[in-house]
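An overview of the molecular structure
One-letter residues, chain by chain:
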Amino acid sequence: ILSNTYTTCGLFDEALVHSELAVQHLHDDPAAAYNHGLALRHLGRIDEAIECFETLIRTVPNHALAYFALSACRRWTADNNHIEGIQAALDSDGLPEIERARLEYALFKEAHDVGDRELAWNALTEGARLAQAGTPYRLSERTAFSISLADHFQGGLDAPPIESDGPTPIFIVG
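Quick look at the structure, then. (Residues numbered from 1 in each chain as written. Predicted model: local features only at pLDDT ≥ 70, side-chain atom pairs only at ≥ 80, totals over all residues. Heavy atoms only, no water.)

**A short note on the overall build of the protein**
- Check the secondary structure of the protein and you find nine helices and zero strands.
- Taken from N to C terminus, the helices and strands of the protein fall in the order α-α-α-α-α-α-α-α-α.
- The C-alpha radius of gyration computed for the protein amounts to 22 Å, which surpasses the reference 16 Å derived for 174 residues by more than 25%, pointing to a less compact arrangement than a globule.
- Taken along its principal axes, the extent of the C-alpha atoms in the protein is 65 × 40 × 30 Å.
- Counting every position in the protein, which comprises 174 residues, the buried fraction comes to 28%.
- For the protein, restricting intrachain contacts to residue pairs at least 6 apart in sequence, the fraction spanning at least 24 positions comes to 48%. (Helix = DSSP H or I, 4+ residues; strand = E, 2+ residues; numbered from the N terminus. Rg over C-alpha atoms; globule rule 2.2 N^0.38 Å. Buried < 20%, exposed > 50% of the residue type's maximum accessible area, 1.4 Å probe, protein only. Contact = heavy atoms within 4.5 Å.)

Next up, the structure:
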């Protein structure tokens, strides 16, 4: 958990220290291996990160986050890519939609890298569809809500600015 938190905060050296401890003590934990790969990738240790993600995928063949992170490690080639593995993972039963979306985005990245534009754009389209399906709000609902706020707002915007020597709090909607 600490490794993930440090990575989220951009403290990659600390993330690496804690991910190495996690991997040392939790040998078979996919989250520990994934966080270790992320820390290495963010520190520019790309070859080591690739090895971490590929090892994780050999252990958990449909690990969507590992494929997603791996796809971003470098520009892949026709001779060196993970397209077949990603497609096999997509054929797995029971994957949640968000995992399928991550796999589709990884497939888009690698297919784009190797020049397969049709596969890439189909994967991007499907990934976006899956990701959007998981959002709790629809554009029409958000638009109606924003219009309702504007229609029912009762003022105060015409008030003059407050003079102050210190910071002035502001509230931004949007």
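**A short note on the packing of aromatic side chains**
- Applying the stated rule across the entire model yields two aromatic pairs.
- The ring of Trp76 has Arg74 sitting right over it, with the charged end atom 5.5 Å from the ring centre. (Phe/Tyr/Trp six-rings, centres within 6.5 Å; stacked < 30°, edge-to-face > 60°. Lys NZ or Arg CZ within 6 Å of the ring centre and 35° of its normal.)

**Remarks on the environment of Tyr34**
- Examined against the element boundaries, Tyr34 turns out to sit in helix α3 (residues 30–42).
- Separated by 55 residues in sequence, Tyr34 and Ala89 place their C-alpha atoms 17 Å apart.
- Dropping the residues within four chain positions of it, Tyr34 is found in contact with Phe53, Leu56, His63, Leu65, Ala66 and Ala69.

**What to know about the nonpolar core**
- One finds Phe53, Tyr67, Ile86 and Leu103 to be the most contacted residues of the largest nonpolar core, which totals 31 residues.
- For this core, the elements supplying multiple residues, two or more each, are α2 (12–25), α3, α4 (46–59), α5 (64–71), α6 (83–90), α7 (97–114) and α8 (117–133).
- For this core, the element with the highest residue contribution is α4, accounting for six residues.
- In contact with Ile86, not counting residues within four places along its chain, are Tyr67, Leu103, Ala106, Leu107 and Glu110. (Core = buried A, V, L, I, M, F, W, Y, C linked by side-chain atoms within 4.5 Å.)

**A few points about the pattern of salt bridges**
- With the rule as written, the count across this model stands at six salt bridges.
- For the salt bridge of Arg45 with Glu48, the shortest nitrogen-to-oxygen distance reads 2.8 Å.
- The class for Arg45 is partly exposed, based on a relative accessible area of 32%.
- Overall, the relative accessible area of 38% leaves Glu48 in the partly exposed class.
- Here Arg102 and Glu99 are joined by a salt bridge, their closest N and O atoms 2.6 Å apart. Of the two residues, Arg102 and Glu99 are both situated in helix α7; the distance of three residues between them amounts to about one turn of the helix.
- Residue Glu99 is classed as buried on the basis of its relative accessible area of 18%. (Salt bridge = Lys/Arg side-chain N within 4 Å of Asp/Glu carboxyl O.)

**So, the side chain of Glu104**
- As for its position among the elements, Glu104 is in helix α7.
- One buried charged side chain, Glu104, makes no salt bridge at all; its nearest oppositely charged neighbour is Arg100, positioned 6.4 Å away.
- For Glu104, the contacting residues outside a window of four places in its chain are Leu90, Ala123, Glu126, Gly127 and Leu130. (Lys, Arg positive; Asp, Glu negative; His and termini not counted.)

**As for the packing of α6 against α7**
- For the pair α6 and α7, the least separation of the axes is 10 Å and the interaxial angle reads 155°. One element, α6, and the other, α7, form an angle in the roughly antiparallel class. Seen along the crossing, α6 lies across α7 with a hand that is left-handed. Packed against α6, whose contacting residues are Ile83, Ile86, Gln87, Ala89 and Leu90, the element α7 presents Arg100, Leu103, Glu104, Ala106, Leu107, Glu110, Ala111 and Val114 at the interface.
- Taken together, the residues that form the contact of α6 with α7 break down as nine nonpolar, one polar and three charged. (Axes fitted to C-alpha atoms, helices over the stretch in contact; angles between N-to-C directions. Parallel < 35°, antiparallel > 145°, perpendicular 65-115°, else oblique. Left-handed = near helix turned anticlockwise from the far one by under 90°. Nonpolar A, V, L, I, M, F, W, Y, C, P; charged D, E, K, R; others polar.)

**Brief notes about α4**
- In this model, α4 (14 residues) spans 20 Å end to end at C-alpha, consistent with the 20 Å of a helix rising 1.5 Å per residue.
- For α4, every residue scored as buried is listed here: Ala49, Ile50, Cys52, Phe53, Leu56 and Ile57. One side of α4 carries all its buried residues, which in axial view fall inside an arc of 160°. Seen from the buried face of α4, the exposed residues on the opposite side, beyond 90 degrees, are Asp47, Arg58 and Thr59.
- Check the buried side of α4 and you find it contacts α3 and α5. (Expected span 1.5 Å × (residues − 1). Arc of directions from axis to C-beta.)

Take it as geometry only, folks, not as evidence of what the structure does.
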